[in-house]
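Observations on the model geometry
Now for the letters of each chain:
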Amino acid sequence: MPDRTIRDKVLCYIVRDAELLVFRHVDYSPEEVGVQVPAGTVKEGEDPRDAALREAREETGLHDFTVVRKLGMAEYDLTPYRAELQRRHVFQLALHEETPDRWASSEDHDGNGPPTRFECFWIPLEHGHVLQSGQGALLHRLFEREAG
């Protein structure tokens, strides 16, 4: 096994009325990519809070987000999929615009390659256990009081 690359990532827990915003990839099977929350790579020199807001906007097509709080960090090893250790900065975001229960979105990757198509939707928070690749690891922190 080659040396693992370490990558800083962000995960976004966006909550509305005890529901969590998730998406599925339209062009891949659920067995391959599962249900996910908005997430992505922190760019070189980018603050993780800014990365969380950027990723939420890019993947959902929505725009009016604010960071509520950082819930913590978690590591996730992608072996055997690829030799990568993710350092995940997990944020709770608030959405300040109306949304339907389900909608289509896509990420254009800054015009590099074809867009990735998503179907965004809301699930009850108690169903967060369905999130793929450990993305639900810090969901319990949504229910903890913010440290003063």
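Described in the following lines is the structure provided in the data block. (Residues numbered from 1 in each chain as written. Predicted model: local features only at pLDDT ≥ 70, side-chain atom pairs only at ≥ 80, totals over all residues. Heavy atoms only, no water.)

**Details of the layout of surface pockets**
As a volume, the largest pocket reaches approximately 1100 Å³. If you go around the largest pocket, you meet 35 residues; those closest to its centre are Lys9, His25, Gln36, Tyr81 and Arg82. Broken down by element, the lining of the largest pocket gets its largest block of residues, 4 residues, from helix α2 (residues 48–60). Its residues assigned to classes, the lining of the largest pocket comprises 12 nonpolar, 10 polar and 13 charged. (1 Å grid on protein atoms, 1.4 Å probe; cavity = no way out; pocket = protein on both sides within 12 Å on 5 of 7 lines; lining within 4 Å. Points joined across faces, edges and corners; volume = space filled by probe spheres on them. Helix = DSSP H or I, 4+ residues; strand = E, 2+ residues; numbered from the N terminus. Nonpolar A, V, L, I, M, F, W, Y, C, P; charged D, E, K, R; others polar.)

**A closer look at α2**
In this model, α2 (13 residues) spans 18 Å end to end at C-alpha, consistent with the 18 Å of a helix rising 1.5 Å per residue. Looking only at α2, the buried set comprises Ala51, Ala52, Leu53, Arg54, Glu55, Ala56, Glu59 and Thr60. Near the N-terminus of α2, the side chain that reaches the backbone nitrogen of arginine 49, with its oxygen 2.8 Å away, is that of aspartate 47. Glycine 61 occupies a position one or two residues after α2 and carries a positive phi of about 75 degrees. (Expected span 1.5 Å × (residues − 1). Buried < 20%, exposed > 50% of the residue type's maximum accessible area, 1.4 Å probe, protein only. Polar contact = N/O pair within 3.5 Å; in protein donor to acceptor, adjacent residues only side chain to side chain.)

**What about the environment of valine 67?**
Along the chain, the position of valine 67 falls in strand β5 (residues 65–77). Valine 67 sits in the partly exposed class, given a relative accessible area of 22%. Considering only alpha carbons, one finds valine 67 and glutamate 32, 35 residues apart in sequence, at a separation of 30 Å. Here valine 67 is in contact with Arg49, Leu53, Phe91, Gln92 and Leu93, once residues within four sequence places are set aside. (Contact = heavy atoms within 4.5 Å.)

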